[in-house]
Protein chains: 2
Amino acid sequence: MAMKKKPVTGMKDILPREMEIRDYAIGLIKETYKTFGFTSVETPAVEHIENLSSNQGGENEKLIFKVMKRGDKLTSAAQKLVEAGNDSDEGAGLDAGSLADCGLRYDLTLPLSRYYSNNANDLPSPFKALQMGNVWRADRPQRGRYRQFMQCDIDILGEPGIIAEIELILATTTLLGKLDFKNFTIRINDRRILKAMAAYSGFAEEDYDTVFIILDKMDKIGLEGVKEELLKEGFNADTVEKYLGLYAKLVNDEGQDQEEAKVSGADKAKLSIENIKSIKDTLGDYLDEEVSDNLSTIITSVEGAKAADFGISFDPTLVRGMSYYTGPIFEISMDEYGGSVGGGGRYDEMIGKFTGQSTPAVGFSIGFERIVMLLLENDFQVPGTGARKAYLIEKNMPAEKMQKIMALAKEERDKGVIVNVSIMKKNKKFQKEKMQEEGYTEFVEFFADRDF
Amino acid sequence: MAMKKKPVTGMKDILPREMEIRDYAIGLIKETYKTFGFTSVETPAVEHIENLSSNQGGENEKLIFKVMKRGDKLTSAAQKLVEAGNDSDEGAGLDAGSLADCGLRYDLTLPLSRYYSNNANDLPSPFKALQMGNVWRADRPQRGRYRQFMQCDIDILGEPGIIAEIELILATTTLLGKLDFKNFTIRINDRRILKAMAAYSGFAEEDYDTVFIILDKMDKIGLEGVKEELLKEGFNADTVEKYLGLYAKLVNDEGQDQEEAKVSGADKAKLSIENIKSIKDTLGDYLDEEVSDNLSTIITSVEGAKAADFGISFDPTLVRGMSYYTGPIFEISMDEYGGSVGGGGRYDEMIGKFTGQSTPAVGFSIGFERIVMLLLENDFQVPGTGARKAYLIEKNMPAEKMQKIMALAKEERDKGVIVNVSIMKKNKKFQKEKMQEEGYTEFVEFFADRDF
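Quick caveat: nothing in here was measured; it's all calculated off a predicted structure. (Residues numbered from 1 in each chain as written. Chains lettered and ligands numbered in written order. Predicted model: local features only at pLDDT ≥ 70, side-chain atom pairs only at ≥ 80, totals over all residues. Heavy atoms only, no water.)

**Re the overall build of chain A**
From N to C terminus, chain A includes 15 helices and 14 strands. Projected onto its principal axes, the C-alpha positions of chain A cover 95 × 70 × 45 Å. Expressed as a percentage of its 452 residues, the buried residues of chain A come to 56%. Counted over contacts in chain A with a minimum sequence separation of 6, partners at least 24 positions apart contribute 71%. Of the roughly 19900 Å² of accessible surface on chain A, 45% is carried by carbon and sulfur atoms. (Helix = DSSP H or I, 4+ residues; strand = E, 2+ residues; numbered from the N terminus. Buried < 20%, exposed > 50% of the residue type's maximum accessible area, 1.4 Å probe, protein only. Contact = heavy atoms within 4.5 Å. Areas by Shrake-Rupley, 256 points an atom, 1.4 Å probe, with all protein chains shown as cover.)

**Concerning the environment of B:Gly342**
Residue and element names in this part refer to chain B. Structurally, Gly342 is set in strand 10 (residues 339-346). The exposure class assigned to Gly342 is buried, which follows from its relative accessible area of 8%. Apart from the residues within four sequence positions on either side, Gly342 is in contact with Arg320, Glu331, Ile332, Phe364, Ser365, Ile366 and Gly367.

**So, the packing of helix 3 (residues 71-87) of chain A against helix 3 (residues 71-87) of chain B**
When two helices pack together, their arrangement is given by the angle between the helix axes and by the axis-to-axis distance. As a packed pair, helix 3 of chain A and helix 3 of chain B sit with axes 9 Å apart at the nearest point and diverge in direction by 85°. As summarised for this structure, helix 3 of chain A and helix 3 of chain B are arranged roughly perpendicular, according to the angle between their axes. Side by side, helix 3 of chain A and helix 3 of chain B meet where A:Ala78, A:Leu81, A:Val82, A:Gly85 and A:Asn86 of the first sit next to B:Ala78, B:Leu81, B:Val82, B:Gly85 and B:Asn86 of the second. Of the residues belonging to the contact of helix 3 of chain A with helix 3 of chain B, the class tally is six nonpolar, four polar and no charged. (Axes fitted to C-alpha atoms, helices over the stretch in contact; angles between N-to-C directions. Parallel < 35°, antiparallel > 145°, perpendicular 65-115°, else oblique. Nonpolar A, V, L, I, M, F, W, Y, C, P; charged D, E, K, R; others polar.)

**Topic: the relation of the copies chain A and chain B**
What relates the pair of chain copies is a rotation about an axis plus a shift along that axis. Once chain A has been moved 0.0 Å along the axis and rotated by 180°, it coincides with chain B to within an RMSD of 0.1 Å. Such a combination of turn and shift is consistent with a two-fold rotation axis. A share of 98% of interface residues in chain A that are also interface residues in chain B marks the association as one of identical surfaces. (Least-squares fit on C-alpha atoms with pLDDT ≥ 70 in both.)

**Looking at the packing of aromatic side chains**
If you walk through the whole model with that rule in mind, you get 30 aromatic pairs over all chains. With centroids separated by 5.0 Å and ring planes inclined at 35°, the aromatic side chains of A:Phe330 and A:Phe364 adopt a geometry described as tilted. With a gap of 34 residues between them, A:Phe330 in strand 9 (residues 328-334) and A:Phe364 in strand 11 (residues 361-366) connect regions that are remote in the sequence. Comparing A:Phe330 with A:Phe364, the two get one shared label, buried. Considering the side-chain rings of B:Tyr116 and B:Phe127, the 6.2 Å spacing of their centres and the 15° angle between planes classify their relative orientation as stacked. On the criterion of sequence distance, the pair formed by B:Tyr116 in helix 4 (residues 109-119) and B:Phe127 in strand 5 (residues 127-136) is long-range, its members being eleven residues apart. Residue class for B:Tyr116 comes out buried when judged on its relative accessible area of 12%. Residue B:Phe127 is classed as buried on the basis of its relative accessible area of 0%. (Phe/Tyr/Trp six-rings, centres within 6.5 Å; stacked < 30°, edge-to-face > 60°.)

**Some details on the pairing of strand 12 (residues 388-393) of chain B**
All names here are of chain B. Burial of strand 12 is extensive: six of the six residues sit out of reach of the surface. In strand 12, alternate side chains face the same way, and those of Arg388, Ala390 and Leu392 on one face and Lys389, Tyr391 and Ile393 on the other are all buried. Relative to strand 13 (residues 418-423), strand 12 runs parallel, the two sharing six bridges. Bridge pairing in strand 13 places Ala390 opposite Asn420. Handedness of the crossover is the feature at issue here: the chain leaves strand 12, passes through helix 14 (residues 399-414), returns alongside strand 13, and the resulting connection is right-handed. As judged from the five bridges shared by strand 12 and strand 14 (residues 442-446), these two strands associate in the parallel manner. In the strand pairing of strand 14, Lys389 is matched with Glu442. (Pairing = 2+ DSSP bridges. Right-handed = clockwise from strand over helix to strand, strands pointing away.)

**A few points about the pairing of strand 11 (residues 361-366) of chain B**
All names here are of chain B. Strand 11 sits mainly inside the fold: five of its six residues count as buried. When strand 6 (residues 148-157) meets strand 11, the two strands line up antiparallel, connected through six bridges. By the bridge assignment, Ile154 is partnered in strand 11 with Phe364. Where strand 10 and strand 11 come together, five bridges link them in antiparallel fashion. The residue of strand 11 that forms the bridge with Gly345 is Gly363.

**Some details on the interface of chain A and chain B**
Of the residues lining the interface, 107 residues belong to chain A; the matching set on chain B comes to 105 residues. At the boundary of chain A with chain B, total buried surface from both sides reaches about 9200 Å², with 62% on carbon and sulfur atoms. Interface area lost by chain A to chain B is led by A:Met3, A:Glu42 and A:Met68, which between them contribute 8%. The tally of links between chain A and chain B comes to eight salt bridges. Taking the shortest distance from any N to any O, the salt bridge between A:Arg413 and B:Glu167 comes out at 2.9 Å. Connecting chain A to chain B are 40 residue pairs in polar contact (both at pLDDT 80 or more). Per-element tally for the side of chain A that touches chain B: the top contributor is helix 1 (residues 16-35) of chain A, with eight residues. (Buried area = accessible area lost by both parts, 1.4 Å probe. Salt bridge = Lys/Arg side-chain N within 4 Å of Asp/Glu carboxyl O. Polar contact = N/O pair within 3.5 Å; in protein donor to acceptor, adjacent residues only side chain to side chain.)

**With respect to the environment of B:Val319**
All names here are of chain B. With respect to the helices and strands, the residue Val319 is situated in the loop between strand 8 (310-314) and strand 9 (328-334). Taking the relative accessible area as the measure of exposure, Val319 reaches 4% and is therefore buried. For the pair formed by Val319 and Asn189, sequence separation is 130 residues and the distance between their alpha carbons is 7.8 Å. Apart from residues lying up to four places away in sequence, Val319 is in contact with Arg191, Leu194, Phe212, Leu215, Asp216 and Ile329.

**Structural notes on the packing of helix 6 (residues 191-201) of chain A against helix 9 (residues 237-248) of chain A**
Residues and elements named next belong to chain A. Closest axis-to-axis distance for the helix 6/helix 9 pair is 8 Å, and the angle between their directions is 140°. In terms of their interaxial angle, helix 6 and helix 9 are classed as oblique. In the crossing of helix 6 with helix 9, the sense of the turn from one axis to the other is right-handed. Residues Leu194, Met197, Ala198, Tyr200 and Ser201 of helix 6 lie in contact with helix 9, whose contacting residues are Thr239, Lys242, Tyr243, Leu246 and Tyr247. (Left-handed = near helix turned anticlockwise from the far one by under 90°.)

**A word on unusual backbone geometry**
Note that the residue after A:Ser125, namely A:Pro126, is joined by a cis bond; omega there is -5°. In the Ramachandran plot, A:Asn396 falls in the positive-phi region, its phi being about 60° despite a non-glycine side chain. Examined against the element boundaries, A:Asn396 turns out to sit in the loop between strand 12 (388-393) and helix 14 (399-414). For A:Asn396, a relative accessible area of 67% puts it in the exposed group. Non-glycine residue B:Asp180 carries a positive phi angle of around 75°. Residue placement: B:Asp180 occurs in the loop between helix 5 (163-178) and strand 7 (184-190).

**Regarding the sheet that holds strand 9 of chain B**
If you walk across this open sheet you meet the eight strands as 1-5-6-11-10-9-7-8 (chain B), and the pairing is mixed. Taken across any chain shown, the strands that pair with only one partner, and hence form the sheet edges, are strand 1 (39-40) and strand 8 of chain B.

**As for the side chain of A:Thr174**
With respect to the helices, strands and loops of the structure, A:Thr174 is situated in helix 5 (residues 163-178). Among residues more than four places away in sequence, those in contact with A:Thr174 are A:Thr32, A:Phe36 and A:Ala307.

**Thoughts on the sheet that holds strand 13 of chain B**
Residue and element names in this part refer to chain B. A sheet is described by the order of its strands in space; here three strands give the open sequence 13-12-14, paired in parallel fashion. A strand with exactly one partner marks an edge of an open sheet, and here the two such strands are strand 13 and strand 14. For this sheet the average axis-to-axis angle between neighbouring strands, irrespective of direction, equals 20°. With respect to the sheet, helix 14 is in contact with strand 12, strand 13 and strand 14, its orientation differing from that of strand 12 by roughly 180°.

**Looking at the side chain of B:Asn134**
Examined against the element boundaries, B:Asn134 turns out to sit in strand 5. The contacts of B:Asn134, once residues within four sequence positions are left out, are A:Glu42, B:Arg105, B:Gln148, B:Phe149 and B:Met150.

**Observations concerning helix 9 of chain A**
Residue and element names in this part refer to chain A. Under the 1.5 Å per step criterion, the end-to-end length of helix 9 is 16 Å for twelve residues, consistent within 8% with the ideal 16 Å. Within the sequence span of helix 9, burial applies to Thr239, Val240, Tyr243, Leu244, Leu246 and Tyr247. For helix 9, the buried positions fall inside an angular range of 145° around the axis, keeping them on one side. Tucked into the core, helix 9 has its buried residues touching helix 6, helix 7 (208-215), helix 8 (218-232) and helix 10 (266-283). If you check the start of helix 9, you find a side-chain oxygen 2.7 Å away from the backbone N of Asp238, and it comes from Asn236. (Expected span 1.5 Å × (residues − 1). Arc of directions from axis to C-beta.)

**What to know about helix 13 (residues 368-377) of chain A**
Turn by turn, an α-helix covers 3.6 residues, leaving residues three or four places apart pointing in a common direction. Residues and elements named next belong to chain A. Of all the residues in helix 13, the buried ones are Phe368, Ile371, Val372, Leu374 and Leu375. Taken around the axis of helix 13, the buried residues stretch over an arc of 160°, which confines them to a single face. Directly after helix 13, the chain includes Asp379, whose backbone phi takes a positive value near 55°.

So this is what it looks like as structure tokens:
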């Protein structure tokens, strides 16, 4: 039977040009985080189905690629399925899921939690982990979104203090700088500030998530849009008024940070610290002073030690979808992308839910595929790639001459030159053109009847 | 529900020490093959079940981790399974496999064939491909053998000449040299020499595979052992006598290459070329002269341009299990491992079987997991890792001092120093001891009330 040539639906073959950029980015990520004291970890692609379905994965749990049991266990599960099918009407409610005992991971957070709880005794404390690996989601296929993609997560487990946030942001921005990204912004907020602003305005705690989902649209629909949507939800008009009053001091009519366009670098950080202070003054006892002080210290420290051209800015409208965040949250905004290329925050309670042992944690997830896409679009040239030479040799080269050619190639390769030895084709001109497209700039020809 | 802490059966969490070596080896592999003009490729971990079950994967096809269909397709397949179960006795012969539409790849060869046939128009010709990636096999779990492991395949597709064999062997041995392996041997043979020796002795072509399986044991059971087993199979005594007569000239009583222990390097290559010539003289028309000449040219060229301390040696007993090989075959023998850490050969007909388009091909598969295991056992130190410093800072450091510390760390990190900034613990002595175990050699302490 002829083979199916295309990859399975929603997955992709990666061609050499993209691989070159991916390999380079992966190398740079490993190298950069290493200088910050992070260590690489790897977990299996396959996880227990019980762990994947433990209600920590949100919507992703519906997108699991399930792996079937094997051998006798599969036979026995299939028989049970048949029996259950007979007892029900027309196979209604058949649980084919009982035939699976594991599945492909849909993120790296759950495997990291399992890894940490399985190996904590052999790991440093705090544990600074870098995990890069593929994850799989049976999403509806769409342009630019694949069912297998690489995630890159950086986490510090076991450190309750803001040194963790500072180190994560510095390491990640250093990486982006090395990849030639400029002019991006780290937007930062704290879940406790979000909550204090809602509490101060008079929202009930059970409504916070609804309020934050609407607030999250600020940069798209502006102050007026947020107001409308909150009122439409039926919230008290005075509460809504008070809430938006807080934000009116901090964002302009389009919902962007005030003066974001005008200021940059140190000024942005300074303005952020003023804004945090003003919020704290307004909120009074609704906000713990340590929270605002810590946020200011994070901003000051990052601004003072940054290794790339970016700004860090307090953004009181930053929500970050996941409700598991407990403290500072942050996101990388890149104008040229028009969205976030990574983000994260503190999630002090999640690992404990997985493992039964409370562990403070901060994590950053880099949008690896987005970054690769941006580099490809910008025609990024991988630096440090030496000269590319092509040796074209005549067919049927005698042994002693072949030996000499390979020795010459060795000398150049030892110096880092890329040397591609190929048999000379009949249409040499076409052969060279093709190789030029691959980046070969120099051609050396060897003939069997000539000395070299 | 509490999480399952262990990885799924037969798979493993990789700890930092091993990851450091893996990352280093992966980087070196990519870098080394790149200087030989190879490009990286990546294929999805998940493949069509039809491709995985196309009878090209041998025993591995029994070990597939099957991935279940999703959504309506799963429901419909489950209903059909129930109906089929009702029609049969006690669910006998239930084909639960019908619930799967894809599976995890068990090797990189099949995905590469699919990749090549899917993308040939966008790929150079010849195509020099490096593919590293995990594969999965539901093998019986056993010590040191895992159900997820990394494979590393290097292939040249579209090149019929021996330049492909020479480049593959040189690139791979260069890599092993960079990993500090010494004194290993590349054993080389040609499937056509194997066949000619069998034909010359009088074996029928349909018996070759049986004969070769026994010949393959030469290094374990010696000449006498091979003779016994061949006779036990019922082969003609004169044929067996004639066959072993050929080998008696080339291997010693223990079945090893003559004088292997005594000679090395250039002498080994010289002896190999003499042996090939002597075999050719004996076999006469049974062996095409081009085959023996080419083998000698490979040996001469590799010996003359090698970048590591190893020998290349003609081994007429080398079989390489897979019957798909069509020309030169080779294997890396390492005494310290007591076995092969990689091997390959020419397989000019396989890709055509997959894709319907004949494509000459040579491949080398490196035993990545074995190599990592050997490096771990040898306590391999990853070179080029700069100094490791730990900054221990007092809790509640004021913002301006925190900024100064991070700026100091940045300066050192820019120079490649690994700087790990941690909060000073109450038991500072214990903290330092633990960090020393992780390789931190220098400690710098920062106090909130002191200048620095």
